[in-house]
Amino acid sequence: MNNLQSLRELLSDKSKKILIVSHVNPDGDAIGSSIGLYHYLRNSSFENVNVISPNAFPSFLEWIPESETIIIAQNNTKLSGKIIKEADLIFCLDFNDIARTEDIASRLKKTGAPKILIDHHPDPRPHFDYVYSDVESSSTAEMIYEFIVSLEGNNAISKTIAECLYAGIITDTGSLSFGCNNPRTYYILAHLMETGIDGEKIHRLIYDTYSEERMRLLGHCLSQRLKVLPQYQTAFIFLTSQDLKEFNYKDGDTEGVVNYGLSIKGIFLAAIFIERKENIKISFRSEGNLDVNILARKYFNGGGHKNAAGGNYKDSMEGTIKYFESVLKDVSKDNFKALQGLEYNS
Ligand code: 5GP
Ligand code: MN
């Protein structure tokens, strides 16, 4: 990690007002890493630490200790505006572009407070004063672990911090099934376990707390809304606003659904299209060399990682799917080379 000495100096004055922000529609990594860092800073005698999320986080993360202190900017515009304005130091976690904080992006850009980025997405934008970026890392939670240990050593990882970081690593790797083919992640997990956390319980709290409606929505996705395009080795799921209404959709209910497409033999690109008021929200997942970060950036106004990315498209569901199929037709002409990193220059 570069700049460790400067970061130590930045964190030497414990009266500083510290703000931690993560991206819109926060996932387990965004919340786990933010609250993990929050606990570390609180344990290090900072009195004034706030965590802001642009919008609500899914209920399966509510068990994370002190996640109830997170300020949801969408519901607390004034308070979040004041905190952003008054912050002396801002940690930006799990995103590479301030635009990913959506409604609070312009206020964040305006502040003079130094911004520290800790993130594992490729190509961080130049809005940050200190950048700790590692695309090889499984998750931002893993990077928060490295950050805390570099600053203060192994003993600074309390059981509570370990619970938060464990949640981040587990959710961002699909329970250790992608993005973690390296021994370091497992060493870190072993150390987190040594603090006394109950990994099995955390797994149950995250994955075994579906509402009946969420379970039935999943069934609906797989039986009624899954389309397989074998000619493009692609499978996609689409959900209309009517579907969401019918199954009483709550934030986080479609988390992970996109991955099912990849479970089909011979499929290496999976997508989910979800109808929202303003646009169609899209998630992509891929296996192997196909870079969905490029697909999302180039064609769908988004971004992400090589094998997990997202974006949006302003059209009807039908129009969006047509457009997606035309993109596939185009890129498949050259055997998907356009999405294999060769044209990565945007
Ligand atoms: P998900 O599909 O689970 O929403 O997101 C997968 C990955 O893509 C995450 O790393 C997330 O940060 C990124 N991502 C999702 N949607 C967008 C988007 O609209 N823009 C950008 N730049 N990244 C996105
Ligand atoms: Mn992440």
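We now turn to the structure provided with this report. What you are looking at is a predicted structure, and each value in this text was computed from that prediction instead of being measured. Counting from 1, residues in each chain are numbered in the order their sequence is written. Labels are handed out in written order, letters beginning with A for the chains and numbers beginning with 1 for the ligands. With pLDDT at 70 or above as the cut-off, local features in this predicted model cover only qualifying residues; side-chain atom pairs require 80 or more to be listed or tallied, and sums for whole chains, interfaces and linings still use all residues. Excluded from the side-chain calculation are hydrogens and water; included are all heavy atoms of the structure.

Time to look at the environment of I72. With respect to the helices and strands, I72 occurs in strand β3 (residues 71–72). Each residue gets one of three labels from its accessible area relative to the maximum for its type: buried under 20%, exposed over 50%, partly exposed in between, using a 1.4 Å probe on protein chains only. The exposure class of I72 is buried, given its relative accessible area of 11%. With 18 residues separating them in the primary sequence, I72 and P54 have C-alpha atoms 5.8 Å apart. Apart from the residues within four sequence positions on either side, I72 is in contact with S53, P54, N55, A56 and F57. Helical segments are the DSSP runs of H or I of at least four residues, strand segments are the runs of E of at least two, and each set is numbered from the N terminus. A contact between two residues is defined here by any heavy atoms of the two lying within 4.5 Å.

Put simply, a nonpolar core is a bunch of buried Ala, Val, Leu, Ile, Met, Phe, Trp, Tyr and Cys residues held in one set by side-chain atoms that sit within 4.5 Å of each other. Core analysis: the biggest nonpolar cluster contains 52 residues, and L41, F91 and L192 have the highest contact counts within it. Residues in contact with F91, not counting those within four places in the same chain, are L11, I18, L19, I20, V21, L37, L41, I116, I118 and F147.

Disulfide assignment relies on a single distance test, namely cysteine sulfur atoms paired within 2.5 Å. Per the stated rule, a full pass over the model turns up zero disulfides. The closest cysteine sulfur to the non-disulfide-bonded C164 is located on C92, 19 Å from its own sulfur.

Our next topic: the coordination of the manganese ion (ligand 2). For the manganese ion (ligand 2), the full set of protein donor atoms is D29 (OD), D94 (OD), H120 (NE2) and D172 (OD), and the range of their distances to it is 2.2 to 2.4 Å. Counted as coordinating are nitrogen, oxygen and sulfur atoms within 2.8 Å of the metal, or 3.2 Å for Na, K and Ca, while water is not included, which may make sites look incomplete. Donor residues binding the manganese ion (ligand 2) come from one chain and are separated in sequence as D-x64-D-x25-H-x51-D. Residue D94 is found in the loop between β4 (89–93) and α4 (105–110), and its partner H120 is found in the loop between β5 (115–119) and β6 (130–133); the two are separated by 26 residues along the sequence. Each member of the pair, D94 together with H120, is buried.

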